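Analysis of the macromolecular model
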Amino acid sequence: MKVEQNKMVGVDYKLTVDGQIADQSRPGQPLEFIFGTGMLLPKFEEAILGKEPGESVAFTLAPKDGYGEVIAEAIVDLPKSIFMVDGKLAEDILFEGSQVPMSDAQGNRMMGIVKEVGDEHVKMDFNHPMAGKTLNFEVEVVSVRDVTPEDLQGHCSCGDCHDGGCHEGCCDDHCNCH
């Protein structure tokens, strides 16, 4: 069976960015997803379209085909005072590289990365962590099958479900956990 629209596809993959492995599937735990439903980058899906189990492909995605270019306006200085919790500065999260969940004025949740902590302000980057990066993929299709009713109920595609959810760190950009 070939990879095509609305098929359950399992892939083993390795993502290399700037010469370093940035992400990869775990041995025996392929990334599973319903093809063509928008779970993965469109160019990723395009690269494996028509492949059969056992076939491999290596491809590179420019930033525009991955997570976009870095948007300068998404890097902002925020007053340090907004990081107060119960009247105390949340120093445990205020360090360079820390990922901090935040909400905007409309209540939209977003993840920001602390870039710099100053005396009065914190420089936060709300770009996707892979924005501006060239993505190098090595992918092997390991399974293709028809979608079952259970597949449509949602699951953890990383294969690490427990108690109806994923383990910490599993639910990222490619995980389908509800």
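Before going into details, it helps to say that this report is about the structure given with it. Computed from a predicted model, the values in this text were never measured in an experiment. (Residues numbered from 1 in each chain as written. Predicted model: local features only at pLDDT ≥ 70, side-chain atom pairs only at ≥ 80, totals over all residues. Heavy atoms only, no water.)

1. Overview of the packing of aromatic side chains
Two measures describe an aromatic ring pair: the distance that separates the ring centres and the angle between the ring planes. The criterion, for reference: Centres within 6.5 Å are what make two rings of Phe, Tyr or Trp a pair, Trp counting through its six-membered ring; a difference in plane orientation under 30 degrees is then read as stacked, over 60 as edge-to-face, and the rest as tilted. Only DSSP runs of H or I with at least four residues qualify as helices, and only runs of E with at least two residues qualify as strands; both kinds are numbered from the N terminus onward. Here's how the labels work: a residue is buried when its accessible area is under 20% of the maximum for its type, exposed when over 50%, partly exposed in between, all with a 1.4 Å probe on protein chains only.
One pass over the full model with this rule turns up 3 aromatic pairs. When the centroid spacing of 5.0 Å and the interplanar angle of 85° are considered together, the rings of Phe44 and Phe137 count as edge-to-face. Remark: Phe137 occurs in strand β11 (residues 135-146) and Phe44 occurs in helix α1 (residues 42-48); sequence separation between them is 93 residues. What makes Phe137 buried here is its relative accessible area of 8%. Linked through ring pairs, Phe44, Phe59 and Phe137 together constitute an aromatic cluster.

2. A few points about unusual backbone geometry
We note that Asp18 has phi near 50°; this positive angle belongs to a residue other than glycine. Relative to the helices and strands, Asp18 is located in the loop between β1 (7-17) and β2 (20-24). Even without a glycine there, the phi angle at Asp86 is positive, about 55°. On the secondary structure map, Asp86 appears in the loop between β6 (84-85) and β7 (88-89).

3. Topic: the pairing of β11
So the rule is basically this: Here the rule is simple: two strands pair whenever DSSP picks up at least two bridges between them.
Note: β1 against β11, 10 bridges, orientation antiparallel. Looking at β11, one finds that Gly10 is bridged to Ser143. Here 6 bridges tie strand β4 (residues 56-61) to β11, and the two strands are oriented antiparallel to one another. Bridging from a neighbouring strand, Leu61 pairs with Leu135 of β11.

4. Considering the pattern of salt bridges
Where charged atoms of side chains with opposite charge meet at close range, the side chains can pair. Rules: Each reported salt bridge corresponds to a side-chain nitrogen of Lys or Arg within 4 Å of a carboxyl oxygen of Asp or Glu.
Applying the stated criterion to the full structure yields 6 salt bridges. Two residues, Lys64 and Asp65, come together in a salt bridge whose shortest N-O distance is 3.4 Å. Of the charged contacts, one joins Asp151 and Arg145 as a salt bridge, the two residues approaching to 2.8 Å between their closest N and O atoms. Judged by relative accessible area, Arg145 falls into the partly exposed class, the value being 31%.

5. A word on the environment of Ala22
Among the secondary structure elements, Ala22 is positioned in strand β2. Taking C-alpha positions, Ala22 is 9.1 Å from Leu135, a pair spaced 113 residues apart along the chain.

6. Some words on the side chain of Ser98
Our working definition: Contact between two residues is taken to exist if any of their heavy atoms lie within 4.5 Å; hydrogens are not considered.
Within the secondary structure, Ser98 is located in the loop between β7 and β8 (99-103). Classification of Ser98 as buried rests on a relative accessible area of 6%. Excluding its chain neighbours within four sequence positions, the residues that come into contact with Ser98 are Ile93, Gly112, Ile113 and Val114.

7. Looking at the sheet that holds strand β10 (residues 121-125)
To keep it simple, the criterion reads: Helix axes use the C-alpha atoms of the stretch in contact, all axes being lines fitted to C-alpha atoms, and the angles between their N-to-C directions lie in the range 0 to 180 degrees.
If you trace the 4 strands from one edge of the open sheet to the other, you get β5-β10-β9-β8, paired in antiparallel fashion. Bordering the open sheet on either side are β5 (75-79) and β8, each of which pairs with just one other strand. This sheet shows a mean twist of 45° between the axes of neighbouring strands, independent of strand direction. As judged from the 5 bridges shared by β5 and β10, these two strands associate in the antiparallel manner. If you follow Ile75 over to β10, its bridge partner there is Asp125.

8. So, the side chain of Asp151
Spelled out, the test is: Pairs of N or O atoms are called polar contacts if they sit within 3.5 Å, as long as, within protein, a hydrogen donor faces a hydrogen acceptor (for residues adjacent in sequence, only side-chain-to-side-chain pairs).
Here Asp151 is to be found in helix α2 (residues 149-152). Taking the relative accessible area as the measure of exposure, Asp151 reaches 9% and is therefore buried. Of the polar contacts made by the side chain of Asp151, one reaches the side chain of Arg145; its length is 2.8 Å. A polar contact is formed between the side chain of Asp151 and the backbone nitrogen of Thr148, at a distance of 2.8 Å. If sequence neighbours within four positions are ignored, Asp151 has contacts with Met8, Ile34, Arg145 and Asp146.

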